[in-house]
Amino acid sequence: MTISEYFELLFTDYTLRTITLGTAVLGAICGMLGSFAVLRKESLLGDAISHAALPGIALAFLITGAKDTNVLLIGALVSGLIGTFWIRGMTTKTHLKSDTALGLVLSLFFGFGMLLLTFIQKQPNANQAGLDKYLFGQAATLVEKDVTLMVIVTGICLFIVLLFWKEFKILLFDADYTKTLGFNTRFIDILITFFIVLAIVLGLQTVGVVLMSAMLLAPAAAARQWTNKLGVMIFLAAVFGAFSGVFGTAISASQNNLSTGPVIVLVAAVFVVFSFIFSPGRGLLFRQIRFRQNRRDLQLKKTLQFMYGIAKTHENVSHPHAIRILNNFQGFTKKTLQQLEEKDWITLSGQQWALTNEGFSEAKNLYNQQENHE
Amino acid sequence: MDGKTLAISVDDLTVAYNYKPVLWDIDLGVPEGVLMAIVGPNGAGKSTLIKAILGIIKPIAGSVTIYGKPYEKQRKLVAYVPQKGSVDWDFPTTAIDVVMMGTYGSLGWIKRPGQKQKKAALEALEKVGMLAFKNRQISQLSGGQQQRVFLARALVQNAAIYFMDEPFQGVDATTEIAIINILKELRKAGKTVVVVHHDLQTVPEYFDWVTFLNVKKIATGPVKEIFNDDNLTKTYGINYKVAVNK
C-alpha cells in the first residue's frame with residue numbers, strides 16, 4: 001500500500017479510519033498539554049509519569065485478571081498520579097532537585113513495572129499475552145471505544161483550558177505573583193498536572209510508555225519556534241501533534257513491519273528539526289541570514305562613517321574625492337560602493353565619490369542611539 | 001509615628017527554611033504614606049520578609065495585618081513587584097499582556113480582561129514610558145524595560161501598598177530615575193511603598209523611611225533619625241563608614 005492508497009482507503013476502511021482518528025486526537029491533546037509542560041520547564045515530568053504508569057497497568061491486570069483497556073488505563077492513571085505526587089513531595093520536602101526526583105521515580109516505577117510484567121508473562125494464563133504492547137504502543141489495537149474516550153477527554157480538556165485560560169497563563173508565567181492576586185495556585189497546578197497525566201495515560205496504548213514523553217514535548221517545542229503568543233503556540237502544537245499522528249499512521253500503514261508509535265514520534269521529530277531550522281523568528285537559518293545581513297550592513301556603515309570623516313572637513317559635503325584615498329581603509333570593496341550608491345548615500349563618477357546630503361546626515365546620526373532606538 | 005495610621009503591621013513573624021531561621025521574631029509597623037527601604041546584607045531575609053507578608057512563604061509563627069485586617073481580606077489593597085529574575089522572560093507573551101495580568105486579581109476567576117482592563121494597562125505602560133513597546137515580545141526587552149513592565153503591572157492593580165523586590169537591580173541610570181520618580185509620585189498620592197534595596201548610598205536621597213534587617217529587625221523609622229553609622233554597623237557587622245573610606 002502506498003501513502004496515496006492509504007489516504008483513499010481512509011474514507012472507506014473502518015479500522016484505518018478509527019486508528020487515524022485516534023492518533024490524530026491523541027497528537028492534538030498531547031501537543032496542547034505538552035505546551036504547558038514545556039513552558040513550566042517540566043518537560044521530563046511526562047517521561048517520569050509515563051514510566052510510572054507501567055506498574056499500574058500490570059497491577060490492574062493482576063487484580064482483575066482481565067485485559068480490558070479501560071481497567072488497565074485506570075490502573076495506569078492511579079500509578080501515574082502516585083508517581084507525580086511522589087515527585088512533588090520529594091522536591092518540596094527534601095533537598096533533592098527536581099531532576100533527581102524525576103529520575104528516581106521514573107526508574108523505580110519502571111523497574112517495578114518491568115518486574116511485574118515478567119512475572120505476569122510466566123503465569124499459566126492464556127490471557128496474559130500482549131500486555132507488553134504498552135511498552136512501545138500498538139496503534140492497531142485501537143478500537144472505536146478507545147477513540148471515543150480520547151475524543152471525550154480531549155473535549156473536556158479543551159473546555160477546561162479555555163475556561164481557565166487566564167489562570168493557566170498567569171500561573172505558567174509567574175506563580176508567586178499569581179498567589180498574591182488571591183488565586184488558589186495549588187488548584188490550578190493540580191488541574192494542569194492532572195490533565196497532563198490523563199493525556200499520557202491515554203497515549204500509552206498507542207505510543208507506549210517509553211516514547212510517550214516525545215508526544216508531549218516534540219509538538220510543543222516545534223510550535224514555540226513559530227510564535228510569540230501563548231494561544232497560537234498551543235494551537236500550533238495541537239496541529240503539529242495531530243499531523244504527526246496522521247502522517248505517522250499513514251507511513252506505518254503503508255509499509256510492512258513499521259510500528260506506528262515510533263513512526264509517529266519520528267514524524268513529530270521531523271517537525272521539530274524543520275522548525276528549529278526554518279522558523280523565521282527563532283530558526284537557525286534565518287538567524288544566520290540576519291547575522292550576515294547585519295554584518296554587511298555594519299560594514300557599509302563603517303565605510304560611510306569613514307567617508308563622513310573625510311567629507312566633513314570640506315565646506316561642501318558633496319565635494320568629490322578620489323576612490324583611491326579609501327584604499328587604506330579595510331572593508332571597502334567595489335560592491336560596498338555600489339550598495340552605498342543604491343541607497344543614495346553617495347554618488348560615483350569615474351574614479352571619484354561624493355557624499356550626498358542624505359548620506360551625510362545618515363552618517364552623522366549613525367551611532368546616535370537616542371534617535372535610532374525607537 | 002504617633003497619630004499616623006499603620007498600613008502594615010507585622011507581629012512576631014518568624015520564618016525558617018528547614019531548621020535555620022531566616023527571619024526571627026520580626027515586629028514591624030509601617031505607617032501609611034511612607035516610601036520605605038528594607039536594607040541588610042545578603043541572606044538577611046529581605047525578600048523573605050516581603051514574601052512572608054504577602055503569604056507566598058508560610059511563616060512558622062506570627063501574623064500580618066494590612067490596615068488592621070488580616071492580609072487575606074485586604075489583598076486588593078496590595079500590589080507586588082517580584083524580582084525580575086524570578087520569571088522566564090522567554091515566555092511567549094507581549095509587554096501589554098504581562099501588564100494586563102495586574103488586572104486578573106480584580107477580575108477574579110474565569111472572567112476575561114476586556115476593554116476597560118486594556119485601557120488601564122495602556123495607561124500604566126505610558127506612565128512607565130513603555131507605551132511604544134506594548135506589543136514587543138518580552139524577551140526582546142532590555143533588563144530595564146522588563147523592570148518597567150513589572151512596575152506597570154503593579155500600577156495597574158491600583159493598590160494602596162506596593163511591595164517591590166530589588167527594582168533597581170541591573171537597571172541603568174535612566175530606568176532607575178524613572179522608577180524612583182514613579183515611586184515618589186505614588187507616595188505623593190498617599191500610597192505606601194516598601195522596597196528591598198541594596199544601594200546604601202541612595203537611601204537618604206530616595207527614601208524617607210528605612211528598616212534595617214539582618215534576620216532580626218535592627219531598627220525601623222525615619223531615614224533622618226535612624227540612618228546612621230550605629231545602625232549600619234549593627235546590621236552589616238562592620239563599621240560601614242570606616243570600611244567605605246579605607
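Rules and cut-offs
Residue numbers run consecutively from 1 along every chain, following the written order of its sequence. In the order they appear in the text, chains get letters beginning with A and ligands get numbers beginning with 1. Totals for whole chains, interfaces and linings use every residue, but because this is a predicted model, local features are given only for residues with pLDDT of at least 70 and side-chain atom pairs only at 80 or more, for both listing and counting. Note that water and hydrogens are dropped before the side-chain values are worked out from all heavy atoms of the structure. Strands pair, by our definition, only if DSSP identifies at least two bridges between them. Helix and strand assignments come from DSSP, with helices taken as H or I runs of at least 4 residues and strands as E runs of at least 2, each series counted from the N terminus. Should any heavy atoms of two residues lie within 4.5 Å, those residues are considered in contact. In this analysis an axis means a line fitted to C-alpha atoms, helices contributing only their contacting stretch, and an angle means the value between N-to-C directions, from 0 to 180 degrees. Salt-bridge detection follows one rule: a side-chain nitrogen of Lys or Arg within 4 Å of a carboxyl oxygen of Asp or Glu. When accessible area is computed with a 1.4 Å probe and restricted to protein chains, residues below 20% of their type maximum are described as buried, those above 50% as exposed, and intermediate ones as partly exposed.

This part is about the sheet that holds strand 1 (residues 321–322) of chain A. Picture the strands of a sheet paired through backbone hydrogen bonds; they go either parallel or antiparallel. Residues and elements named next belong to chain A. Sheet architecture is open: three strands sit in the order 1-3-2, paired in antiparallel fashion. In this open sheet, the two edge strands, each paired with only one partner strand, are strand 1 and strand 2 (346–349). Inspection of the sheet shows strand 1 paired to strand 3 (residues 352–355) by two bridges, in the antiparallel sense. Looking across to strand 3, one finds that alanine 322 is bridged to glutamine 352. Sheet contacts for helix 15 (residues 284–311): strand 1, strand 2 and strand 3; angle to strand 3, the most-contacted strand, approximately 85 degrees.

In this section: the pattern of salt bridges. Residue and element names in this part refer to chain A. Tallied over the full model, the rule gives 14 salt bridges over all chains. Among the salt bridges present, the one from arginine 40 reaches glutamate 42, with a minimum N-O distance of 3.7 Å. Given a relative accessible area of 19%, glutamate 42 falls into the buried group. For the salt bridge of glutamate 42 with arginine 88, the shortest nitrogen-to-oxygen distance reads 2.8 Å. Of this pair, glutamate 42 sits in the loop between helix 2 (14–39) and helix 3 (43–52) while arginine 88 sits in helix 5 (residues 69–93), and the two are 46 residues apart along the sequence. By relative accessible area, arginine 88 is classed as partly exposed at 24%. Within the structure, one salt-bridge network assembled from shared partners comprises Arg40, Glu42, Arg88 and Asp189.

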